[in-house]
Amino acid sequence: MSRKFGFSWGNKPTYTPAEKKGEINELKAQLKHAETEKDPAKKRDCLKKVIAYMTLGIDTSPLFTDMILACATKDLVQKKMVYLYLCSHAETKPDIAVMAINTLQRDCQDENPVVRGLALRSISSLRIDTIVELLVPLLKKALSDQAPYVRKTAVIAAGKLWRMSPDSFESLGAGDKLQALIRDPDSHVCCNALVILNEVMAKEGGVPVTKTLVYPLLNKLRDLNEWQQCLVLETALKYVPADEDEMFKIMNLLEERLWGANSAVILAATHLFLTLTQNLPNLHRQVYSRLKNPLLTLIATAPMETAYTCLCHIKLLISREPDVFADKYKDFYCRYTDPSFVKSLKLEILVQITNEKNYKEIMTELSAYVTDVQVDTVRRAIRSMGEISLKNNVGPGAGQVAVDHFLEFLEMEMDFVRSETLSVLKDFLRKYTDIKLVERFFPVIVKNWKEMEDTPCKVAFIWILGEYGEDIDDAPYILEAYCERSREEPHQVRLELLTACMKLFFCRPPELQPILGKLLHETIADFSHADVHDRALLYYRLLLVSPRFAAKVVCCSKEPVDTFETNESAEIKDKLFEEFNSLSVIFNMPSERFIVECDGVIGGVEEEEEEEEEEEEEEEEEEEEEEEEEQQRGLLSQAKLKPKPQKAPLMQLIPGPHTLSAQVYEQQWRDLEVCATGDIMTRPGVTSEAILQFTAAKHISCFASGPAGGQTSKFYFFATVCFPLSSRCEKFF
């Protein structure tokens, strides 16, 4: 049974090309057989096999002529399958497909409205150039057909006609007829007409929404399905009431839409309520209160995916009016069965609605999530507690509550809990700078410092040592342990380690002086990361200028941070409110950032052409770089150099490995012009090894040296980083 149609369900087809050809020929013989014509059941089975093969991608075009002949049947099921086949193959065989047009035109005059609608839908779906002139007279009659199904199909066919030939659409006067069909008593006809007109008039902003248009649509909302209700509510967004009385009438009429079972209808009605009252601040806040209960009911009863969508919209609403949902904070508590994406969003909402009245209950609830089985939820809960303690509307008591919870977290035997807590403390201690409040952390932090492995955790811990190292007895020795293995640490830790050592040096100089000197020496000589090297060089030069000046720069006075910057902007929020009840709210970005439309098609040809142009430009740049590299490699690959080369800059590095014999190298070296020479007198007793050690510390390397006669020595230097010799250098020599 699994190979009834020549394929295995769930696996790749097992037939060979010869088998496929044989089965197609067998089907062709069955379609022509007299018994098949007499038995409707056999005919249906044969057509089902054809559709099945076509769905699998098998070439069924040899059956095209036989399928056209099969159009002449009164069986509605057979007609549907034959019309589906014709619409799929008409583009590949337009000459033969014309033979079926007479049958389709005849079916458009059938007494059965289902047959008329099916024939009209099929003929408008044929991808043939000559179909436009045949479709116009059929549409003219079908748009005024007595059967609603035919009128609905004619409306959709009018949209296809507009895409194929806008001039024929205008000559038919389809726009005016569709305008009249918006007031059709059948809901499918009027809503389809509204959609097609919005597409046709997209450049003009869609259908002009007037009172005579929107009122009949609103009055028939109860008779519409969910998709149609959303369409009507979106259309009503464009209507501007004449006065407040008219606005209240519309809102009273739509209030029952808020208590429906469909989330799309509820959110569409919410969008309409917010739009109608956007210029009335007091009434706008009352609307938030009225919307609260329907939205909370929806997130409690809807599936998780729908609940997530609703939570995204609630989060956007709370960004404007956080106090509206503040008394319902328990509705946003995480349930054990909630997926991680829902829990994360609920935690963000809890942070937004926290105020002075509910922060204790919310922080107690968040502390319970630390034992959750999902690590991401645990980390997010700890970050949420830190964000709540940094809010300005929670009062000074939130800091003390947070300290108590953070101390419990640091005592736990879970590395990721301690790590996340330390990362949160870095921002917490920027606001709460009272030493009496924060000194309770120090013994617990120092106790477990060897078990820290996460980079953010190490960065936060080292920052605490730099800021409060004066009150932590073991701070210099812990920093010394980090300095000994600094090359093994990531650059974030090394950057923070440099700053912490500099800060603590000015508080406890006897203990930090050897540690800082060794760290600066190793870091300046290390070029593995530019930021680390540059910061070490900056601190070194500050100390050379003046230690007091360096202390003012590094240990400047700092005010407690009251407000922390967020990534959200008012402009983006306003755009999201304009695109309420859309994917923009889910993605938290305006639609212009993730939708590219070219001639009505998302991601059109222009986008592909731009990508091709970018690829060509990249290829050209790569070719130019390769040519330059080849030219540079050739500078020293020649056997002989010009006797008088052009004057080179003071320092020039020529990339690429080269293999030269000693004689050739010496000859090339002698032919080059000397760019700079100098004589330096040294104190008696200074050896060549001491000079080389000193220049190496200043990033000046020597690749050749030797005696030049008497007590004079000759050195050939090259440098990778050059800076003027300091006064210490002069004293050394």
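Predicted, not measured: the structure shown is a model, and the values here were computed from it.

Rules used in this analysis
- Residues numbered from 1 in each chain as written.
- Predicted model: local features only at pLDDT ≥ 70, side-chain atom pairs only at ≥ 80, totals over all residues.
- Heavy atoms only, no water.
- Helix = DSSP H or I, 4+ residues; strand = E, 2+ residues; numbered from the N terminus.
- Buried < 20%, exposed > 50% of the residue type's maximum accessible area, 1.4 Å probe, protein only.
- Contact = heavy atoms within 4.5 Å.
- Areas by Shrake-Rupley, 256 points an atom, 1.4 Å probe, with all protein chains shown as cover.
- Salt bridge = Lys/Arg side-chain N within 4 Å of Asp/Glu carboxyl O.
- Expected span 1.5 Å × (residues − 1).
- Polar contact = N/O pair within 3.5 Å; in protein donor to acceptor, adjacent residues only side chain to side chain.
- Axes fitted to C-alpha atoms, helices over the stretch in contact; angles between N-to-C directions.
- Parallel < 35°, antiparallel > 145°, perpendicular 65-115°, else oblique.
- Left-handed = near helix turned anticlockwise from the far one by under 90°.
- Nonpolar A, V, L, I, M, F, W, Y, C, P; charged D, E, K, R; others polar.
- Phe/Tyr/Trp six-rings, centres within 6.5 Å; stacked < 30°, edge-to-face > 60°.
- Lys NZ or Arg CZ within 6 Å of the ring centre and 35° of its normal.
- Disulfide = S-S within 2.5 Å.
- Patch = residues over 30% accessible without salt bridge, like charges linked within 9 Å, V, L, I, M, F, W, Y side chains within 5 Å.
- Lys, Arg positive; Asp, Glu negative; His and termini not counted.
- Charge placed at Lys NZ, Arg CZ, Asp CG, Glu CD.
- pLDDT = per-residue confidence, 0-100.

Visitor: If you had to explain the overall build of the protein chain to someone new, which residues and values would you point to?
Guide: Scanning the protein chain from terminus to terminus reveals 38 helices and 4 strands. Across the 733 residues that make up the protein chain, the buried fraction comes to 41%. The long-range fraction of contacts in the protein chain, counting pairs at least 24 apart against all pairs at least 6 apart in sequence, stands at 64%. With an accessible surface of roughly 42300 Å², the protein chain has 51% of that area assigned to carbon and sulfur atoms.

Visitor: Please set out the environment of Asn112 residue by residue, giving values where relevant.
Guide: Within the fold, Asn112 resides in the loop between helix 7 (101–107) and helix 8 (113–125). The sequence separation of Asn112 and Ala147 amounts to 35 residues, and the corresponding C-alpha distance is 9.5 Å.

Visitor: An account of the pattern of salt bridges is needed here, citing residue identities and associated values.
Guide: Per the counting criterion, the structure on display carries 30 salt bridges. Between Glu255 and Arg290 there is a salt bridge, with the nearest N and O atoms lying 3.8 Å from each other. Placement of the pair is Glu255 in the loop between helix 16 (244–254) and helix 17 (263–276) and Arg290 in helix 18 (residues 281–301), with a sequence separation of 35 residues. Asp338 serves as the salt-bridge partner of Lys346, at 2.9 Å between the closest nitrogen and oxygen. Its relative accessible area of 5% is what places Lys346 among the buried residues. Salt bridges here are not isolated pairs; linked through shared partners, they connect Arg379, Arg383, Glu420 and Asp454.

Visitor: Give a description of helix 23 (residues 397–411) that names residues and reports values.
Guide: Helix length check: helix 23 (15 residues) gives 22 Å between terminal C-alpha atoms against 21 Å at 1.5 Å per residue, within 8%. Along helix 23, the residues classified as buried are Ala398, Gly399, Val401, Ala402, Val403, His405, Phe406, Leu407, Phe409 and Leu410. The elements touched by buried residues of helix 23 are helix 21 (359–368), helix 22 (375–390), helix 24 (415–431), helix 25 (435–438) and helix 26 (441–447).

Visitor: Which residues make up the side chain of Ser124, and what values do they have?
Guide: Inspection of the secondary structure puts Ser124 in helix 8. The class for Ser124 is buried, based on a relative accessible area of 5%. There is a polar contact of 3.1 Å between the side chain of Ser124 and the backbone oxygen of Leu120. In terms of polar contacts, Ser124 uses its side chain to reach the backbone carbonyl oxygen of Arg121, at 2.9 Å. Excluding anything up to four places from it in sequence, Ser124 contacts Leu135, Ala157, Lys160 and Met164.

Visitor: Describe in detail the packing of helix 24 against helix 27 (residues 455–468), supporting the description with residues and values.
Guide: Contact geometry of helix 24 with helix 27 gives a least axis separation of 8 Å together with a crossing angle of 40°. Considering the angle they form, helix 24 stands oblique to helix 27. The handedness of the crossing between helix 24 and helix 27 is left-handed. Residues Ser419, Leu422, Ser423, Leu425, Lys426, Leu429 and Arg430 of helix 24 pack against Pro456, Cys457, Val459, Ala460, Phe461, Trp463, Ile464 and Tyr468 of helix 27.

Visitor: I'd like to hear about the packing of helix 10 (residues 148–164) against helix 13 (residues 187–200), residue by residue, with values.
Guide: One can describe the packing of helix 10 onto helix 13 by two numbers: an axis separation of 9 Å at closest approach and a directional angle of 10°. Judged on the interaxial angle alone, helix 13 and helix 10 are roughly parallel. Residue-level inspection shows Pro148, Arg151, Lys152, Val155, Ile156, Gly159, Trp162 and Arg163 of helix 10 in contact with helix 13, the latter providing His188, Val189, Asn192, Ala193, Ile196, Glu199 and Val200. Classifying every residue of the contact of helix 10 with helix 13 by side-chain character gives 8 nonpolar, 3 polar and 4 charged.

Visitor: Now, about unusual backbone geometry: what can you tell me, with residues and values included?
Guide: Non-glycine residue Asn581 carries a positive phi angle of around 65°. The exposure class of Asn581 is partly exposed, given its relative accessible area of 25%. Positive phi, close to 60°, is recorded for Asn588, a residue that is not glycine.

Visitor: Would you mind going over the packing of aromatic side chains in detail, with residue names and values included?
Guide: Going through the model one piece at a time under the given rule, you end up with 14 aromatic pairs. Taking 5.7 Å as the distance between ring centres and 40° as the angle between the ring planes, the aromatic pair formed by Phe442 and Tyr468 counts as tilted. Here Tyr468 lies in helix 27 and Phe442 lies in helix 26, a separation of 26 residues in the sequence. Ring pairs connect the aromatic residues Phe406, Phe409, Phe428, Tyr432 and Phe441, which therefore count as one cluster. Sitting over the face of the ring of Phe577, Arg320 holds its NZ or CZ atom 3.7 Å from the ring centroid. Lying over the aromatic face of Tyr482, Arg485 brings its terminal NZ or CZ to 4.8 Å of the ring centre.

Visitor: Break down the state of the cysteines for me, citing the residues and quoting the values.
Guide: A complete count under the given rule lists 0 disulfides for this structure. Free cysteine: Cys190, not disulfide-bonded; nearest cysteine sulfur from Cys191 at 4.0 Å. A relative accessible area of 1% places Cys190 in the buried class.

Visitor: Explain the environment of Leu576 to me, and be specific about the residues and the numbers.
Guide: The topology assignment puts Leu576 in helix 33 (residues 570–578). Residues Leu576 and His313, spaced 263 residues apart in sequence, show a C-alpha to C-alpha distance of 9.6 Å. Leaving out residues up to four positions away in the same chain, Leu576 has contacts with Leu316, Ser584, Val585, Asn588, Met589 and Pro590.

Visitor: Which residues make up a negative patch on the surface, and what are the values?
Guide: Taken together, Asp434, Glu439, Glu470, Asp471, Asp473 and Asp474 make up a surface patch of like negative charges. Relative to the helices and strands, Asp474 resides in the loop between helix 27 and helix 28 (475–484). Overall, Asp474 belongs to the partly exposed group, its relative accessible area being 41%.

Visitor: Give me the lowdown on the confidence of the model for the protein chain, citing residues and values where you can.
Guide: Regions with low pLDDT carry predicted coordinates that are not meant to be interpreted in detail. On average, residues of the protein chain score 80 in pLDDT, and 83% of them reach the 70 mark or higher. In this model, residues 1–19 is a region of pLDDT below 50 whose contacts with residues beyond four sequence positions or in other chains number 19 contacts. Contacts for the low-pLDDT stretch residues 631–657, under 50 throughout, to residues beyond four places or in other chains number 22 contacts.

Visitor: Outline the side chain of Asp184, listing residues and values.
Guide: Its location among the elements puts Asp184 in the loop between helix 12 (174–181) and helix 13. Setting aside residues no more than four positions away along its own chain, Asp184 makes contact with Arg151, Val189, Cys190 and Lys220.

Visitor: Explain a nonpolar patch on the surface to me, using residue names and the numbers behind them.
Guide: Together, Val545, Phe549 and Val553 give the surface a local cluster of nonpolar side chains, amounting to about 290 Å² of exposed area. Along the chain, Val553 turns up in helix 32 (residues 547–554).

Visitor: How would you explain the environment of Asp223 if you had to name every residue and give the values?
Guide: Mapped onto the elements, Asp223 comes out in the loop between helix 14 (211–219) and helix 15 (226–236). With a relative accessible area of 63%, Asp223 lands in the exposed category.

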